[in-house]
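The chain contents come next:
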Amino acid sequence: MSRQLGRYLTAGLGTVALYVGGVWFGTEILHLPVRPTNVVLYIAATALSFALNYKWVFASKTSAGRSLFLFLLLQAFGVLLNIIWVEAGLRLTHLYPWIIAATYFAIWPFLSFAVQKRYIFNR
């Protein structure tokens with residue numbers, strides 16, 4: 001399991017690097033519009049994340065269609081949970097917003113890993 005978690009964290013860091021680096025390159029170097037660049041790269045990073053998790057991290061034998069649907073559902077839940085987490089942090093603490101966001105990303109990957117391992121890719 002520790003090898004699987006290591007692969008998961010490596011894939012996650014890679015997709016975040018693709019997303020953030022791509023947005024930076026697209027907007028700062030190529031001077032592309034921010035919103036479409038963000039959307040395209042977010043979708044690309046999410047697709048790559050699914051592919052890496054499906055094939056490399058979990059080596060899933062489940063239906064790709066079913067797994068993709070559940071993966072996207074989990075991602076949507078993660079976005080909603082992030083909004084709630086940050087809003088609660090802003091209302092209940094005097095922390096900087098980036099610190100609140102960082103605490104979320106210290107917790108979410110491990111919760112997401114557990115859900116993906118048990119319910120999405122290993123059926």
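A short tour of the structure in this document, coming up. (Residues numbered from 1 in each chain as written. Predicted model: local features only at pLDDT ≥ 70, side-chain atom pairs only at ≥ 80, totals over all residues. Heavy atoms only, no water.)

### Observations regarding the packing of aromatic side chains
Right, on to step 1. A full pass over the atoms with the stated rule returns 15 aromatic pairs.
Right, on to step 2. When the centroid spacing of 6.4 Å and the interplanar angle of 55° are considered together, the rings of Y8 and F58 count as tilted. In this pair, Y8 sits in helix α1 (residues 2–29) while F58 sits in the loop between α2 (34–57) and α3 (64–92), placing the two residues 50 residues apart along the sequence. Each of the two residues, Y8 as well as F58, counts as buried.
Right, on to step 3. Relative to F105, the ring of Y104 has its centre 5.2 Å away and its plane inclined at 90°; by these criteria the two rings are edge-to-face.
Right, on to step 4. Among the aromatic residues, those joined into a ring-pair cluster are Y8, F50, Y54, F58, F71, F113 and F121. (Phe/Tyr/Trp six-rings, centres within 6.5 Å; stacked < 30°, edge-to-face > 60°. Helix = DSSP H or I, 4+ residues; strand = E, 2+ residues; numbered from the N terminus. Buried < 20%, exposed > 50% of the residue type's maximum accessible area, 1.4 Å probe, protein only.)

### Let's talk about the pattern of salt bridges
Right, on to step 1. Taken as a whole and judged by the stated rule, the model has 1 salt bridge.
Right, on to step 2. We note a salt bridge from E87 to R91, for which the minimum N-O separation is 2.6 Å. Of this pair, E87 and R91 are both found in helix α3, 4 residues apart, which corresponds to roughly one turn of the helix.
Right, on to step 3. With relative accessibility at 36%, the residue E87 sits in the partly exposed group.
Right, on to step 4. Given a relative accessible area of 67%, R91 falls into the exposed group. (Salt bridge = Lys/Arg side-chain N within 4 Å of Asp/Glu carboxyl O.)

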